Amino acid sequence: ALGAVPLQMARTQKNKATAHHLGLLKARLAKLRRELITPKGGGGGGPGEGFDVAKTGDARIGFVGFPSVGKSTLLSNLAGVYSEVAAYEFTTLTTVPGVIRYKGAKIQLLDLPGIIEGAKDGKGRGRQVIAVARTCNLILIVLDVLKPLGHKKIIENELEGFGIRLNSKPPNIGFKKKDKGGINLTATCPQSELDTETVKSILAEYKIHNADVTLRSDATADDLIDVVEGNRVYIPCIYVLNKIDQISIEELDIIYKVPHCVPISAHHRWNFDDLLEKIWDYLKLVRIYTKPKGQLPDYTSPVVLPYCKTTVEDFCMKIHKNLIKDFKYALVWGSSVKHNPQKVGKDHTLEDEDVIQIVKK
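The protein chain has the name Developmentally-regulated GTP-binding protein 1 in an unreviewed UniProt entry, where Regulus satrapa is given as its organism.

Structure below.
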């Protein structure tokens, strides 16, 4: 069934009249894919071994790349983790997590083998790998600098097919199902692709006939499908161009201008500091130092929070869920307060490298 839909899409001419037909086909394709990547209910075999990797550390980075681009070399050189690297293809079958410590944070490195062509159509062990990929805080796509573009497109397509959106924000679309009243479409700005007809046909494919849809930006059919499916994950991504020892300085200058790219040589360990710096930027982690009463702050082991959850309450929850019960107020030193120390409540938002002392009831 899956093969027939893209064929039909390719045969459909692009014009106003066919736009909603294409929208409908896209919706059908998204539904079929979702059925493939969400396992059917019922008993049957458990998940594959080696894949439900326990989440340790403060962040998790997934490495994706074709065989023989030097992914395993990069992983083992970054982590000093021993991983079996052989010169023939497809050596990596299970995810081997390595952990690196950087700026006080523990970052888990995962190899995600076999996400390449065919996995999203249900082939191979793709499914479990995808499930792990979706939990990453950052994805590194490792490319061979001599053949980057072809590989980049294929990998991006695969990840897109699993509902992973790279370096993008969720579409600005309001969507609310109702019991009656049909489809109400409001657009707050001009739309180049979606009209009422197209929106209705896409929603009909999901058997939704009553809903309020608000388009707050110029949206595509794919954007609407993402919102309706509701299971998309938005993950930052860095393209790592390996084997730069094989190109000229002029070529290297060009690569440096490409967005989200870091050129390296895994084998010679060139430019790792640049890569780690960029990883740190993209992870947007927030380090909070703790200060026991009457002692100096502990700068060696920060409590690390994801950038979207940095209130004093989030901080307490990360340490222990009972801490918030006895919480009276906190004293904070750092860039998030106007004077040092400042007395704050549990809703105060902390910033990177703040120092905190919790005062209990």
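**Section: the pattern of salt bridges**
Enumeration over the complete set of coordinates arrives at 15 salt bridges. R28 is the salt-bridge partner of E205, the closest N and O atoms lying 3.1 Å from each other. Linking E205 in helix α6 (residues 196-205) with R28 in helix α2 (residues 16-37), this pair joins segments that are 177 residues apart in sequence. E205 sits in the buried class, given a relative accessible area of 12%. When the shortest N-O distance is used, the salt bridge between D111 and K71 registers 2.6 Å. Placement of the pair is D111 in strand β3 (residues 105-111) and K71 in helix α3 (residues 71-79), with a sequence separation of 40 residues.

**A look at the pairing of strand β7 (residues 183-187)**
Within a regular strand, side chains alternate between the sheet's two faces. The pairing of β7 with strand β8 (residues 211-215) spans five bridges and is parallel. Paired with L185 across the strands is V213, a residue of β8. Taken together, β7, α6 and β8 form a β-α-β motif whose crossover is left-handed.

**A word on the sheet that holds β8**
Sheet architecture is open: three strands sit in the order β6-β8-β7, paired in mixed fashion. The open sheet terminates on both sides in strands that have one partner only, identified here as β6 (173-177) and β7. On average, each strand axis in the sheet is inclined to that of its neighbour by 10°, with strand direction left out of account. The sheet contact formed by β6 and β8 spans five bridges and is antiparallel. Note on β8: the bridge partner recorded for K176 is D212.

**A short note on the sheet that holds strand β4 (residues 138-144)**
Working definition: the strands of a sheet are paired by backbone hydrogen bonds and lie parallel or antiparallel to each other. Read from one edge to the other, the open sheet built from six strands follows the order β2-β3-β1-β4-β10-β11, with strand pairing classed as mixed. In the strand order of this sheet, the two ends are held by β2 (98-102) and β11 (261-263), each with one partner. Strand-to-strand, the axes of this sheet are offset by a mean angle of 25°, without reference to chain direction. The pairing of β2 with β3 spans five bridges and is antiparallel. Each residue of the ladder has a partner; that of R101, found in β3, is K106.

What counts and what doesn't
- Residues numbered from 1 in each chain as written.
- Predicted model: local features only at pLDDT ≥ 70, side-chain atom pairs only at ≥ 80, totals over all residues.
- Heavy atoms only, no water.
- Salt bridge = Lys/Arg side-chain N within 4 Å of Asp/Glu carboxyl O.
- Helix = DSSP H or I, 4+ residues; strand = E, 2+ residues; numbered from the N terminus.
- Buried < 20%, exposed > 50% of the residue type's maximum accessible area, 1.4 Å probe, protein only.
- Pairing = 2+ DSSP bridges.
- Right-handed = clockwise from strand over helix to strand, strands pointing away.
- Axes fitted to C-alpha atoms, helices over the stretch in contact; angles between N-to-C directions.

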